[in-house]
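# Close look at the chain arrangement
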Amino acid sequence: MEEHLDNSYLHTDADTRFMQVAIKEAMAAADADEVPIGAVVVYEGKIIGRAHNQREMLNDPTAHAEMIALTQAASYLETWRLHGCTMYVTLEPCPMCAGALVLARIDRLVYGPDDPKAGACRTLYSITNDQRLNHRIEVVSGFMEESCRYLLQEFFAKKRRNPEE
């Protein structure tokens, strides 16, 4: 595994603002009894895709926040090539989502905590920076980590207390 460097110096005030929108999306997911993950795609300072997990609602295993936000962004730009875009997401993307980010040619990814069970940008895999693939992504990990992690911990603690819900 590659050494994790402190990349907190790479963030801007805009990063904070956009991650806060992703956190609001994650809160909407929790309100809908979905795993609280939110994602935002930004192009030239404008949000062009925003979503939260909708797997339960849509009965779709691919309805991750990142996938839905990518689809919205591609629709907005009228191209699948999302050059110049940054994605903000409240948890390290899984292999499916990391692969989609590479295929979409996203320039930059900013995410909250690492995902020890499915993380594919740094934790279990490094799909976003795999030299064998045709595109690599600038990754900022651990951004607003505590706020993002808190939503997940609270959601799963509630599930354990009330398994019927």
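Here's a quick rundown of the structure. Bear in mind that the values here come from a model prediction, so they are computed numbers and not experimental data. (Residues numbered from 1 in each chain as written. Predicted model: local features only at pLDDT ≥ 70, side-chain atom pairs only at ≥ 80, totals over all residues. Heavy atoms only, no water.)

### Observations regarding the packing of aromatic side chains
Two measures describe an aromatic ring pair: the distance that separates the ring centres and the angle between the ring planes. The line we're drawing: Only rings of Phe, Tyr and Trp enter the pairing, Trp through its six-membered ring, and a pair is recorded when the two centres are within 6.5 Å. The plane angle decides the type: under 30 degrees is stacked, over 60 is edge-to-face, the rest tilted. Residue burial is assigned from relative accessible area. The probe radius is 1.4 Å, only protein chains are included, and a residue is buried under 20% of its type maximum, exposed over 50%, and partly exposed in between. A ring has a charge above it when a Lys NZ or an Arg CZ is no more than 6 Å from the ring centre and no more than 35 degrees off the ring normal.
If you walk through the whole model with that rule in mind, you get 2 aromatic pairs. For the pair Phe155 and Phe156, a centre-to-centre distance of 5.1 Å together with 85° between the ring planes defines the contact as edge-to-face. The exposure class of Phe156 is partly exposed, given its relative accessible area of 36%. Taking the ring centre of Phe18 as reference, the NZ or CZ of Arg17 above it sits at 5.0 Å.

### Quick look at the side chain of Asn53
Our working rule: Under the scheme used here, helices are H or I runs from DSSP no shorter than 4 residues and strands are E runs no shorter than 2 residues, and both carry numbers assigned from the N terminus. Residues adjacent in sequence count toward polar contacts only when both atoms are side-chain atoms; beyond that, a polar contact is any pair of N or O atoms within 3.5 Å, and within protein one must be able to donate a hydrogen and the other to accept it.
Along the polypeptide, Asn53 turns up in the loop between strand 2 (46–52) and helix 2 (55–58). With a relative accessible area of 4%, Asn53 lands in the buried category. Side-chain polar atoms of Asn53 contact the backbone oxygen of Val35, separated by 3.4 Å.

### What about the layout of surface pockets?
Filter applied, for reference: The method works on a 1 Å grid over the protein atoms by themselves. A cavity is a set of points holding a 1.4 Å probe that cannot get out, a pocket is an open set with protein on both sides within 12 Å along at least five of seven lines, and residues with an atom within 4 Å of a point line them. Grid points are joined across faces, edges and corners, and a volume is the space filled by probe spheres set on the points. The nonpolar class holds Ala, Val, Leu, Ile, Met, Phe, Trp, Tyr, Cys and Pro. Asp, Glu, Lys and Arg form the charged class, and all remaining residues, Gly among them, are polar.
Counted as a void, the largest pocket has a volume near 400 Å³. Lining the largest pocket are 20 residues, and of these Val35, Ile37, Leu91, Asp115 and Leu152 lie nearest its centre. Sorting elements by how many residues they give to the lining of the largest pocket places helix 5 (residues 145–161) first, with 4 residues. When its residues are assigned to classes, the lining of the largest pocket shows 11 nonpolar, 3 polar and 6 charged. Within this model, the second largest pocket holds a volume of roughly 260 Å³.

### What to know about the pattern of salt bridges
Side-chain pairs of opposite charge can arise whenever the charged atoms involved come near each other. How we decide: What counts as a salt bridge is simple: a side-chain nitrogen of Lys or Arg found within 4 Å of a carboxyl oxygen of Asp or Glu.
Per the stated rule, a full pass over the model turns up 8 salt bridges. The residue Arg108 makes a salt bridge to Asp15 at a minimum N-O spacing of 2.8 Å. Taken together, the residues Arg108 in strand 4 (residues 108–111) and Asp15 in helix 1 (residues 13–31) connect sequence positions 93 residues apart. By relative accessible area, which is 12% here, Arg108 ends up buried. When the shortest N-O distance is used, the salt bridge between Arg132 and Asp130 registers 2.6 Å. According to the relative accessible area criterion, Arg132 is exposed, its value standing at 74%. Each member of the salt-bridge network shares a partner with another, and the members are Asp15, Arg108 and Glu138.

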